[in-house]
Amino acid sequence: MGDLVTASNSTCDVVVVGAGIVGAACAHFLMKEGLRVAVLERGIVGGGATAAAMGHLVAMDDSPAQLALTRFSLQLWKELEDQLPASAEYRQPGTLWIASDDEEMTEVRRKCEVYRSAGLACEVLDSVALGEAEPKLTRPLAGALRVLGDGVVYPQAAAQFLLQVVADRGGLFTDCNVVSIIGNEVLLGDRTRISAGHIVNAAGCAAPELTPGIVMRKRKGHLILTDRYPGFLRHQVVELGYLKSAHSVTADSVAFNLPPRATGQILIGSSRQYENEDAAVDHDIVRRIMERACEYMPEVATLSVLRMWTGFRAATPDKLPLIGPSPENPKVLLATGHEGLGITASMATGRLITDNILQRRSLISIEPYLPSRMTYVAAHV
Ligand SMILES: Cc1cc2nc3c(=O)[nH]c(=O)nc-3n(C[C@H](O)[C@H](O)[C@H](O)COP(=O)(O)OP(=O)(O)OC[C@H]3O[C@@H](n4cnc5c(N)ncnc54)[C@H](O)[C@@H]3O)c2cc1C
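Residues numbered from 1 in each chain as written. Predicted model: local features only at pLDDT ≥ 70, side-chain atom pairs only at ≥ 80, totals over all residues. Heavy atoms only, no water.

1. Comments concerning the overall build of the protein
Part 1: Broken down by element type, the protein carries 11 helices and 18 strands.
Part 2: Radius of gyration (C-alpha) of the protein: 21 Å, near the 21 Å computed for a compact globule of 381 residues.
Part 3: A principal-axis box enclosing the C-alpha atoms of the protein has dimensions of 65 × 40 × 40 Å.
Part 4: Counting only residues that meet the buried cut, the protein has 58% of its 381 residues in that class.
Part 5: Split by element, the accessible area of the protein, about 15,900 Å² in all, is 51% carbon and sulfur. (Helix = DSSP H or I, 4+ residues; strand = E, 2+ residues; numbered from the N terminus. Rg over C-alpha atoms; globule rule 2.2 N^0.38 Å. Buried < 20%, exposed > 50% of the residue type's maximum accessible area, 1.4 Å probe, protein only. Areas by Shrake-Rupley, 256 points an atom, 1.4 Å probe, with all protein chains shown as cover.)

Given below as structure tokens:
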């Protein structure tokens, strides 16, 4: 990758702070439009929350705005498919949202209608069809919703690929700590200043350090990675109770959520915890994740675990990301706050940021994600 010119008067059209999947996607779409872009990263490319993620590319319908963003993003991931290297492990195994009782089957049918009306291909599976679709699940389960277009990707490799494309097109990348953003300048740790037409704050959980006043909380998650078991799993399998876990705003929660990786490895997840900023693995949470997984898929108990880790999701109060100009400084665009959907929504975020900078309409409206809404939310919580 190219080195950033460190003269104090360096200029470019857009500086992107943070080379996680979101910053990488922003840089990718900006460069595609011919803008001069510099990406500043203080660690490893994709080494933050991106490296900790499961990589499920998933349509979610907590709100119409969330469904519009994830649906648009899935379409952009699909368009990238032919360019992605094998290392990015992009596949579309589809998601099975598993219902364990009749009440959850009612939710399956509701979800199916919503997804179909949004143009997403999906079908309701009864108990027998579910057993055939995913033979290692415990029986009987009530059924499931199969969402055919959902995917899985290896997030860090995808971020690295996007930044390599940026570098190949002449974009600049440098390993440096951004200390602050003032006006349309970033100040680096060595006191270098870089000015740009716009600055994109894609610093993930660290975004509030550079744009004070952003309301976000860190939400810790654990994942467990197994050895290779090709064919063990066909779909991304998620219990419908995952939605309760994702919606919980107080208690620690775990849910059965397993993606099949292209390598044959299985990721076992997942957990959500607020008020815990210690990155250490909590073995009680790991035990609860394994127990939950074994309830749905008893053979998980026989799998050999290679490693486990934690990561932090950047969560906003209204569960939508912050995409667009900062109300305090319109030269700074925020691209953060994606909680557990940042891998999925990175593509749409990059597209919306690029269209906003170029002052043109996007395929979906940026309105629901604008940071200016937080003033309203803060006043009404
Ligand atoms: C356990 C877990 C599972 C998940 N599973 C999924 C999933 O299946 N699907 C999904 O869609 N999402 C998932 N997510 C969410 C997803 O990981 C995040 O939403 C996404 O990675 C956010 O990307 P980002 O680029 O905003 O942040 P990050 O990846 O954290 O990138 C931010 C970057 O900014 C850099 N940075 C910060 N401050 C500075 C500074 N001052 N100067 C220079 N650089 C700086 C950091 O070093 C970092 O590399 C999961 C998250 C967790 C924790």
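Additional details are given in the paragraphs that follow.
2. A word on helix 9 (residues 283-296)
Part 1: Relative to the 20 Å expected for 14 residues at 1.5 Å per residue, helix 9 spans 20 Å between its end C-alpha atoms, a close match to the ideal helical length.
Part 2: Residues of helix 9 that are buried include every one of I285, V286, I289, M290, A293 and Y296, and no others. Take helix 9 and look down its axis: the buried residues cluster within an arc of 135°, on one side only.
Part 3: Contacts from the buried residues of helix 9 go to strand 4 (95-99), strand 12 (217-228), strand 13 (236-239), strand 14 (253-258), strand 15 (265-272) and strand 16 (305-315). (Expected span 1.5 Å × (residues − 1). Arc of directions from axis to C-beta. Contact = heavy atoms within 4.5 Å.)

3. Re the site of the ligand
Part 1: In the vicinity of the ligand, 37 residues are found, and the nearest of them are E41, T50, H56, V178 and T344.
Part 2: Between an oxygen atom of the ligand and a main-chain N or O atom of G342, the distance comes to 3.0 Å.
Part 3: Contact with the protein chains hides 94% of the accessible area of the ligand, taken as 1,000 Å² for the molecule alone.
Part 4: Only helix 1 (21-32), strand 2 (37-41), helix 2 (49-52), strand 12, strand 16 and helix 10 (342-357) provide two or more residues apiece to the shell around the ligand. (Near = heavy atom within 4 Å. Polar contact = N/O pair within 3.5 Å; in protein donor to acceptor, adjacent residues only side chain to side chain.)

4. Regarding the packing of helix 1 against helix 6 (residues 155-168)
Part 1: Direction vectors running N to C along helix 1 and helix 6 enclose 30°, while the axes themselves pass 9 Å from each other. Here helix 1 is positioned roughly parallel relative to helix 6, judged by the angle of their axes. In this structure, helix 1 crosses over helix 6, and the sense of that crossing is left-handed. From helix 1, I21, A24, A25, A27, H28 and M31 reach across to helix 6, where they touch P155, A158, A159, L162, L163, V165 and V166.
Part 2: In the contact of helix 1 with helix 6, the residues fall into 12 nonpolar, one polar and no charged. (Axes fitted to C-alpha atoms, helices over the stretch in contact; angles between N-to-C directions. Parallel < 35°, antiparallel > 145°, perpendicular 65-115°, else oblique. Left-handed = near helix turned anticlockwise from the far one by under 90°. Nonpolar A, V, L, I, M, F, W, Y, C, P; charged D, E, K, R; others polar.)

5. So, helix 4 (residues 102-117)
Part 1: Here helix 4 spans 23 Å end to end across 16 residues, near enough to the 22 Å set by a 1.5 Å rise per residue.
Part 2: Buried within helix 4 are the following residues: E104, M105, V108, K111, C112 and Y115. Seen from one end, helix 4 has its buried residues packed into an arc of 115°, which puts them on one side. For helix 4, the exposed residues set more than 90 degrees away from the buried face come down to D102, E103, E113 and S117.
Part 3: Taking the backbone nitrogen of E103 as reference, a side-chain oxygen 3.3 Å away marks D101 as the first, capping residue of helix 4.

6. Quick notes on the confidence of the model for the protein
Part 1: Mean pLDDT over the protein stands at 93; residues scoring 70 or higher make up 94%.
Part 2: Throughout residues 1-9 the model reports pLDDT below 50, and contacts reaching past four residues in sequence, or to other chains, amount to 20 contacts. (pLDDT = per-residue confidence, 0-100.)

7. A look at the packing of helix 3 (residues 64-80) against helix 10
Part 1: Two elements in contact, helix 3 and helix 10, have axes whose closest approach is 7 Å; the angle formed by their N-to-C orientations is 90°. Comparing their axes, helix 10 and helix 3 come out roughly perpendicular. The segment helix 3 lies against helix 10, with L69, T70, F72, S73, L74, L76, W77 and L80 engaging I343, T344, A345, S346, M347, A348, R351 and L352.
Part 2: In terms of residue class, the contact of helix 3 with helix 10 is made up of 11 nonpolar, four polar and one charged.

8. Overview of the environment of G342
Part 1: Counting through the fold element by element, G342 comes out in helix 10.
Part 2: As for G342 and C112, which are separated by 230 residues in sequence, their C-alpha atoms are 23 Å apart.
Part 3: Ignoring any residue separated from it by four or fewer positions in sequence, one finds G342 in contact with I21 and V22.

9. As for the environment of G170
Part 1: Structurally, G170 can be placed in the loop between helix 6 and strand 8 (172-175).
Part 2: On a C-alpha basis, the gap between G170 and T344 in space is 26 Å, while along the polypeptide they are 174 residues apart.

10. Some remarks on the packing of aromatic side chains
Part 1: The full count for this structure, using the stated rule, is two aromatic pairs.
Part 2: Their ring planes at 5° and their centres at 4.8 Å tell us that F256 and Y296 sit as a pair that is stacked. You can see F256 sitting in strand 14 and its partner Y296 sitting in helix 9, a full 40 residues away along the chain. For the residue pair F256 and Y296, the accessibility class agrees, reading buried in each case.
Part 3: Its end group placed over the ring of F312, K218 keeps NZ or CZ at 5.6 Å from the ring centre. (Phe/Tyr/Trp six-rings, centres within 6.5 Å; stacked < 30°, edge-to-face > 60°. Lys NZ or Arg CZ within 6 Å of the ring centre and 35° of its normal.)

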